[in-house]
Amino acid sequence: MMVTVKFFANFREVTGQAQVTMPNVSSVRGLLDELVREFGQRLSDLLYDPQTGELRDTVIILVNGRAITLMEGLGTWLEDGDTVAIFPPVSGG
Amino acid sequence: MFGYQGKILHVHLDTGETRVEALPEEIYRKYIGGVGLATYLIHINTKPKIDPLGPENVLAFASGPLVGTFASMGDKYVVVAKSPLTGFIGDSISSSSWSRELKRAGHDGLVIHGRAENPTYLFIDDGNVYFKEAGNIWGEDVWTAEEKIRGELEDKNVGVISIGPAGEKLVLFANIMSDGRHAGRSGLGAVMGSKNLKAIAVRGTGSIRVANLRELSKLCLGIYEKAQGPNTEKYRVEGTPTNVLSLNAHGCLPTRNWQQSTFESAEEISGAHFLKNHTVSVTACSSCPVACAHNCVVKGGPYAGAAVSLDYEGLYAMGPDCGVGDSSAIIKALELCDFYGMDSISAGVTCAWAMECYEKGLLTKEETDGLELTFGNHEALIQLIHKIAAREGIGDMLASGVKRASERLGRGSEHLAIHIKGLELPGYDIRSLKTAALGWAVAARGGCHNRSGAYEPDLKGKVDRFKAEKGRGRLVMESEGRAAVLDSLTMCKFLRACLTDFYPELAKLYELVTGFGMSGDDLRRAGERIINLKKLYNIREGWTQKDDHLPPRVMEDPVPDGVAKGSLVTRQELDLLLDDYYEAQGWTRDGTIPKEKLNELGISVGE
């Protein structure tokens with residue numbers, strides 16, 4: 001079981017990585033827990049609102065190009081070979 | 001009055017006459033300012049079906065009620081006229097201290113009528129208007145023109161807006177520039193050029209009063225504080241070029257004239273790449289608390305010294321859309337657009353169309369004046385930009401924008417033309433953004449990402465972006481209303497995420513500035529009124545439902561790559577979305593505005 005995670009913009013800056021592979025994670029929540037364990041508090045601050053503990057509005061997570069908000073949110077199941085992309089919202093120009 | 005000056009200045013270039021019109025309070029309450037006010041001004045100052053480049057067309061400029069006050073958060077002006085590119089309403093917005101100067105000179109708006117006999121620039125010095133000979137700056141780029149005018153007027157702080165050589169040559173996507181910012185879209189620089197008007201300089205020394213400074217300060221400080229927080233971080237750190245990688249990951253980055261939706265060189269033109277290799281400073285527009293302008297310079301190689309304030313849209317148009325993955329070449333191409341005074345989105349998309357035509361054999365090498373117009377050939381792209389600005393050789397055809405160029409060339413090239421209503425599309429592949437596709441199709445000024453934020457529900461995952469369904473009409477309608485309010489108050493859209501409760505908070509801001517009672521619902525209604533006023537102008541100019549269209553490629557050529565592979569918008573889907581939108585607006589099934597709707601909104605122009 002292996003999942004590819006792609007970081008963009010400020011997430012790339014905080015992790016210092018453009019892409020990592022994570023073994024043995026079965027849900028988006030589990031994946032984020034592992035990522036926070038690996039990359040620390042700064043990543044946690046970027047992902048979660050400290051007051052509510054919920055994922056910030058400024059975080060977009062796609063699994064194979066589909067937003068997790070339209071699936072099971074943080075409970076979205078992951079399968080072997082999935083690609084998870086994490087970035088801030090697109091806007092402006 | 002508070003927030004407003006209550007007056008509009010009219011200047012007749014043909015007769016040299018000037019007059020000041022006092023507007024009734026009711027007009028300000030109804031149309032707010034900015035785009036609402038300027039749209040009202042073109043409605044009542046032009047006849048239907050005029051030639052956009054004829055002397056009968058007027059250029060209406062307006063500031064918003066917040067401009068020049070503590071609540072400004074980005075001094076902006078709006079310019080509206082009949083667009084030579086689309087034949088419908090052309091409205092464009094730019095940040096500039098010019099808008100503050102105009103208001104301090106005593107005017108909320110300025111209407112330019114007629115055509116000057118010889119190249120002219122105007123100098124509005126508080127209550128006086130001077131017609132100045134512009135022969136010595138005709139042909140100059142905007143930077144030089146601004147500098148020469150400030151030198152001639154012996155005032156380095158005078159506000160100046162001007163057109164470049166492209167506007168003079170009537171390139172139909174020429175823009176108006178000031179302080180390095182652009183009123184970019186719809187070709188209003190060509191309208192200014194058609195009037196022989198090179199520039200407008202303004203010096204204002206009057207004051208702008210606000211109704212409740214103490215309360216206003218408190219409210220604004222809260223917004224200023226949020227403007228330094230996470231909601232605007234992306235604009236401050238990498239700027240809008242950060243969108244390149246995000247859109248690439250979504251499979252929404254239009255590449256090689258929308259033949260692909262991902263770009264293999266995205267990393268080499270990403271926000272991070274520009275920040276590391278090109279950004280020399282990050283600056284703010286006049287009065288802005290965010291600072292998003294990433295000033296990029298080429299430090300070596302054949303384009304050394306080229307410089308531009310980089311935004312995502314121009315980057316998309318000259319980069320992926322033309323198959324160019326060389327960041328230095330993109331900066332050079334964009335610098336040239338600024339030098340000549342052209343909208344870089346329209347210019348890039350039109351060049352990308354020419355490249356595809358060339359690669360497909362629809363344009364011969366003889367017809368491209370010997371240019372090897374293949375995707376990624378940035379040397380050829382740069383030559384092409386020079387030719388467009390000078391209307392030389394193939395550049396003359398391209399200077400009319402992709403719609404007219406494809407109609408002129410024929411040979412099936414219309415299928416490759418990426419425009420809506422004649423306005424070239426910005427950098428979001430709407431084949432997999434179905435809400436945005438509807439927003440783009442119905443936008444009054446044509447293919448545009450700024451007159452609604454209709455991509456937001458798609459890209460934030462609020463809706464299934466691959467699906468067309470009922471309910472999207474209301475989302476687009478509401479998004480258009482919010483954009484109209486921001487464009488009329490003239491507040492930067494990058495600050496929208498800093499508002500806790502959009503309408504009530506902005507209504508409070510408006511009330512504290514102007515002293516006019518305004519509820520959140522009143523303001524929402526004003527936004528709806530302004531959208532209807534713009535649509536009414538288009539109807540008057542001959543709009544029919546077929547003008548709410550999508551480019552053939554979006555409806556017939558599925559996305560071939562990336563996570564959005566297979567996506568397109570079918571005719572059936574577009575019809576469903578349009579029906580839903582017209583119904584949400586309270587319009588007829590064929591998309592016109594019933595009289596009762598106009599009465600309900602209190603719109604009486606055009607009767």
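Notes on the structure in this doc start here. All values derive from a computational prediction rather than experimental measurement. (Residues numbered from 1 in each chain as written. Chains lettered and ligands numbered in written order. Predicted model: local features only at pLDDT ≥ 70, side-chain atom pairs only at ≥ 80, totals over all residues. Heavy atoms only, no water.)

A closer look at the packing of helix H17 (residues 434-442) of chain B against helix H19 (residues 472-489) of chain B
All names here are of chain B. What counts, and what does not: Fitted lines through C-alpha atoms serve as axes, helices being fitted only where they are in contact, and the angles separating the N-to-C directions of these axes extend from 0 to 180 degrees. Helix and strand assignments follow DSSP, with helices taken as H or I runs no shorter than four residues and strands as E runs no shorter than two, numbered in order from the N terminus. If an angle is under 35 degrees, it is roughly parallel; if it is over 145, roughly antiparallel; if it lies from 65 to 115, roughly perpendicular; otherwise it is oblique. Crossing chirality is assigned from the near helix's rotation relative to the far helix, an anticlockwise turn below a right angle marking it left-handed and a clockwise turn marking it right-handed. The contact criterion used throughout is that any non-hydrogen atoms of two residues lie within 4.5 Å. Under the grouping applied here, Gly and all other residues not named as nonpolar or charged are polar, the nonpolar ones being Ala, Val, Leu, Ile, Met, Phe, Trp, Tyr, Cys and Pro and the charged ones Asp, Glu, Lys and Arg.
One way to put it is that H17 packs onto H19 with a least axis distance of 9 Å and a crossing angle of 55°. It follows from the interaxial angle that H17 and H19 lie oblique. By crossing handedness, the relation of H17 to H19 is classed as right-handed. Only Arg-472, Gly-473, Leu-475, Val-476 and Glu-480 of H19 make contact with H17, whose side of the interface consists of Lys-434, Thr-435, Leu-438, Gly-439 and Val-442. Residues belonging to the contact of H17 with H19 are distributed by class as follows: 4 nonpolar, 3 polar and 3 charged.

Let's talk about the packing of H19 of chain B against helix H20 (residues 502-514) of chain B
Residue and element names in this part refer to chain B. Contact geometry of H19 with H20 gives a least axis separation of 12 Å together with a crossing angle of 20°. The angle between H19 and H20 falls in the class roughly parallel. Every pair of crossing elements has a handedness; the one defined by H19 and H20 is left-handed. Contact residues: Glu-478, Gly-481, Arg-482, Val-485, Leu-486 and Leu-489 in H19; Phe-502, Tyr-503, Leu-506 and Tyr-510 in H20. A breakdown of the residues in the contact of H19 with H20 according to their chemical character gives 7 nonpolar, 1 polar and 2 charged.

Comments concerning unusual backbone geometry
For Asn-24 of chain A, which is not glycine, the phi dihedral falls at a positive 55°. Positioned with a positive phi, Ala-291 of chain B is a non-glycine residue whose angle comes to about 70°. Following the sequence through the fold, Ala-291 of chain B ends up in the loop between strand E13 (279-283) and strand E14 (293-297).

Considering the sheet that holds strand E2 (residues 19-23) of chain A
Residues and elements named next belong to chain A. Inclusion rule: When DSSP locates at least two bridges between a pair of strands, those strands are taken to pair.
With mixed pairing, 5 strands are arranged side by side in an open sheet as E2-E1-E5-E3-E4. Looking along the sheet, the strands with just one partner apiece sit at the ends: E2 and strand E4 (66-67). Pairing of strand E1 (residues 2-7) with E2 involves 5 bridges; the strand directions are antiparallel. Bridging across to E2, Val-3 finds its partner in Met-22.

Looking at the interface of chain A and chain B
Going by this rule: Two parts placed together each lose some accessible area; with a 1.4 Å probe, that loss summed over both constitutes the buried area. Counted as salt bridges are all cases of a side-chain nitrogen of Lys or Arg within 4 Å of a carboxyl oxygen of Asp or Glu. Whenever a nitrogen or oxygen atom comes within 3.5 Å of another N or O atom, the pair is scored as a polar contact, on the condition that within protein one atom can donate a hydrogen and the other can accept it, and that pairs from neighbouring residues in sequence are kept only if both atoms are in side chains.
Each partner contributes residues to the interface: chain A has 23 residues there, and chain B has 34 residues. Across the interface of chain A and chain B, roughly 2100 Å² is buried in total on both sides, 59% from carbon and sulfur atoms. For the pair chain A and chain B, the interface holds 2 salt bridges. Between Asp-464 of chain B and Arg-66 of chain A there is a salt bridge, with its nearest N and O atoms 3.4 Å apart. Linking chain A with chain B are 4 residue pairs in polar contact (both at pLDDT 80 or more). Contributions of two or more residues to the side of chain A that touches chain B are made by helix H1 (9-15), strand E3 (60-63) and E4 of chain A. Looking at the side of chain A that touches chain B, the element that brings in the most residues is H1 of chain A, giving 4 residues.

Considerations on the nonpolar core
Residues and elements named next belong to chain B. Spelled out, the test is: Definition of nonpolar core: a set of buried residues of the types Ala, Val, Leu, Ile, Met, Phe, Trp, Tyr and Cys, connected through side-chain atoms within 4.5 Å. When a residue's accessible area, from a 1.4 Å probe over protein chains only, is under 20% of the maximum for its type it is buried; when over 50% it is exposed; and in between it is partly exposed.
Counting 176 residues, the largest nonpolar core has Met-342, Trp-353, Leu-506, Leu-509 and Leu-550 as its most contacted members. Among the elements that take part in this core, helix H13 (residues 344-359) stands out by supplying 10 residues, more than any other. Residues in contact with Met-342, not counting those within four places in the same chain, are Ala-166, Val-171, Phe-173, Ala-174, Asn-175, Cys-337, Ile-385, Ile-388 and Ala-389. Grouped together as the second largest cluster of nonpolar side chains are 27 residues, Trp-98, Leu-110, Ile-112 and Leu-197 included.

Section: the pairing of strand E4 (residues 76-82) of chain B
All names here are of chain B. Taking burial as the measure, the 7 residues of E4 include 7 buried ones, the bulk of the element. Taken together, the 4 bridges between strand E3 (residues 59-63) and E4 define a ladder with antiparallel strand orientation. Along E4, the bridge assignment pairs Ser-63 with Tyr-77.

Examining the pattern of salt bridges
All names here are of chain B. Across all of its chains, the model carries 51 salt bridges over all chains by this definition. A salt bridge links Glu-140 to Lys-148, with the nearest nitrogen and oxygen atoms 2.7 Å apart. Overall, Glu-140 belongs to the partly exposed group, its relative accessible area being 22%. Relative accessible area serves as the criterion here: at 35%, Lys-148 is assigned to the partly exposed category. Between Asp-343 and Arg-185 there is a salt bridge, and its shortest N-O distance comes to 3.0 Å. Highlighted residues: Asp-343 in the loop between helix H12 (327-340) and H13 and Arg-185 in the loop between strand E11 (181-183) and helix H6 (188-194), separated in sequence by 158 residues. Grouping residues by exposure puts Asp-343 and Arg-185 together as buried.

In short, geometric facts, not functional conclusions.
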